[in-house]
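Here is how the chains run, residue by residue.
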Amino acid sequence: MTVSKALAAIWSDDSDRASSMGLISSASTAGWITGSAFTALIHKMNPKAPSIIAVGLYFLDGFLLMWFLPRTVRIHHEHDIPIKKDKDDNKDAEKPKKPSFTTSVHRAFGNKSVALFVVIKVCYELIKRTGHSMEDVWEMDRFGLKMYELGELRTLKSVFTIMLQGKIAGSIVNAYGEKVSFLFALCLAIWGCLVQYHVTDVMKYAMLSVPVDLTSTVLSTIALESLMTHIVPKSELGSALAVIDVLHSVVGVFAPMMAGLIVQYLGLLAKPLITGIALVLLFIFAFYSMPPPPPPPRSTTSLNDPNKQIKTPITDDESIIDSLNENELIENEKGSLLRKKEL
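Scope of this entry: the structure provided in the associated data block. (Residues numbered from 1 in each chain as written. Predicted model: local features only at pLDDT ≥ 70, side-chain atom pairs only at ≥ 80, totals over all residues. Heavy atoms only, no water.)

1. A short note on the overall build of the protein chain
Helices and strands together make up the secondary structure of the protein chain, namely 12 helices and 2 strands. In sequence order, the secondary structure elements of the protein chain are arranged as α-α-α-α-α-α-α-α-α-α-α-β-β-α. The burial tally for the protein chain puts 33% of its 343 residues in the buried class. Of the contacts formed within the protein chain by residues at least 6 apart in sequence, a portion of 75% connects residues at least 24 apart. Summed over all atoms, the accessible surface of the protein chain reaches about 22,000 Å², with 65% contributed by carbon and sulfur. (Helix = DSSP H or I, 4+ residues; strand = E, 2+ residues; numbered from the N terminus. Buried < 20%, exposed > 50% of the residue type's maximum accessible area, 1.4 Å probe, protein only. Contact = heavy atoms within 4.5 Å. Areas by Shrake-Rupley, 256 points an atom, 1.4 Å probe, with all protein chains shown as cover.)

Structure below.
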């Protein structure tokens, strides 16, 4: 998933990056569900069949990658150290030396905005995974669900999640931005906790809480992933995604421990209350400290035809000419064009 998300970020632009991230997550969820169901079906026919089919799918996947996906070129950072070529080398261009993983991580997370983003991301994952660790036991204790009923509820949740990840969540993030979408998702999650704290009927829970909670989870995940692709340089995006995956694994270790402590000392009934309080605190912190995405690059206007735009954008790293100097350049260019016509 790390490589898949990095490729989606590279091959998409700012207008559809969130939708691309959602499609990747939706495909992963759909593959997980259909793969589990297909494995259970063919295992009854032959216990060796799932392994053989899995190997064949790996070879098919590799073939599709080699023949249909375009090649990617590593994006060099401006501080990469060039490798000096020998005099008899025919290549004039110097190829920058590939930085180490530690250097890439330092570049990716070496500013305040990315550091605040990582704190928000880790806190959110810890809250959601802690609540998810108690969710099955809480649903069985709260509504008296049996194992097969719990399985049916999980299937409905998975199908609803795939629908949200496909286009809906990505379109919302593209329309309203990452920060607004994430804060809205936290509000939905807080509402879901309030419903869980008061509801005692499973049908009301399935109608009032489950869709809201799943929408919150999908929307916040896509918003955070999209924001990371904006604030982290593309040259270091792979290293940043790898570090985020490691942090997810660390959170996955500590979340069940925290869930066990909550159940032991406060009981299962405290699950929505503790989760809601933690989400409120995270909302306040994210509202004041969550970094906004950088502004989109501006495009220069052609002097000969104002209606046409040059494809090469001006980024924040380049020097931006103020309006007075820009007007002077336009006047000088017009004057030179007039002199050429006279000659």
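2. Here's the deal with the packing of helix α7 (residues 178-198) against helix α11 (residues 271-289)
Packing of α7 against α11 leaves a shortest axis separation of 9 Å and a crossing angle of 160°. The angle between the axes of α7 and α11 places the two elements in the roughly antiparallel class. Of the two possible hands of crossing, α7 and α11 adopt the one that is left-handed. Touching Lys179, Phe182, Leu183, Leu186, Cys187, Ala189, Ile190, Cys193, Gln196 and Tyr197 of α7 are Lys271, Pro272, Leu273, Thr275, Gly276, Leu279, Val280, Leu282, Phe283, Ala286 and Phe287, all from α11. (Axes fitted to C-alpha atoms, helices over the stretch in contact; angles between N-to-C directions. Parallel < 35°, antiparallel > 145°, perpendicular 65-115°, else oblique. Left-handed = near helix turned anticlockwise from the far one by under 90°.)

3. With respect to the packing of helix α5 (residues 112-143) against α7
Contact geometry for α5 and α7: axes closest at 13 Å, N-to-C directions at 25°. By the criterion of interaxial angle, the relationship of α5 to α7 is roughly parallel. Crossing of α5 against α7: the hand is left-handed. Together, Ile120, Tyr124, Trp138 and Arg142 of α5 and Phe182, Leu186, Gln196, Tyr197 and His198 of α7 make up the contact between the two elements. Here the contact of α5 with α7 is built from residues that sort into 6 nonpolar, 2 polar and 1 charged. (Nonpolar A, V, L, I, M, F, W, Y, C, P; charged D, E, K, R; others polar.)

4. Details of the environment of Ala240
Along the polypeptide, Ala240 turns up in helix α10 (residues 237-265). Accessibility expressed as a relative area gives 0% for Ala240, which makes it buried. Remark: the alpha-carbon pair of Ala240 and Thr229, spanning 11 residues in sequence, is separated by 9.3 Å.

5. Looking at the pattern of salt bridges
Using the criterion set out here, one finds 6 salt bridges in the structure. Where Arg129 meets Glu125, a salt bridge forms, and the shortest distance between an N and an O atom there is 3.7 Å. Of this pair, Arg129 and Glu125 both sit in helix α5, 4 residues apart, which is roughly one turn of that helix. Look at Arg129 and you get partly exposed, because its relative accessible area is 32%. Between Arg154 and Asp136 there is a salt bridge whose closest N-O contact spans 2.2 Å. Of this pair, Arg154 sits in helix α6 (residues 147-176) while Asp136 sits in helix α5; the two residues are 18 residues apart in sequence, bridging distant segments of the chain. A relative accessible area of 45% places Arg154 in the partly exposed class. (Salt bridge = Lys/Arg side-chain N within 4 Å of Asp/Glu carboxyl O.)

6. A closer look at the packing of aromatic side chains
Between two aromatic rings, the relevant description is the distance of the centres plus the angle of the planes. Overall, the coordinates contain 7 aromatic pairs when judged by the stated rule. Geometrically, the ring pair formed by Phe63 and Trp67 is tilted, given 6.0 Å between the ring centres and 40° between the ring planes. A residue pair is termed a helical-turn pair when its members lie 3 or 4 positions apart in one helix, as Phe63 and Trp67 do in helix α3 (residues 49-68) at 4 residues. On the basis of an interplanar angle of 20° and a centroid distance of 6.3 Å, the ring pair of Phe283 and Phe287 is categorised as stacked. (Phe/Tyr/Trp six-rings, centres within 6.5 Å; stacked < 30°, edge-to-face > 60°.)

7. Describing helix α9 (residues 210-231)
Since the α-helix turns once every 3.6 residues, residues separated by three or four places project in the same direction. Taking 1.5 Å of rise per residue, 22 residues should cover 32 Å, and α9 covers 32 Å from first to last C-alpha, within 8% of that figure. Of all 22 residues that make up α9, 18 are buried, and the element is covered over most of its length. (Expected span 1.5 Å × (residues − 1).)

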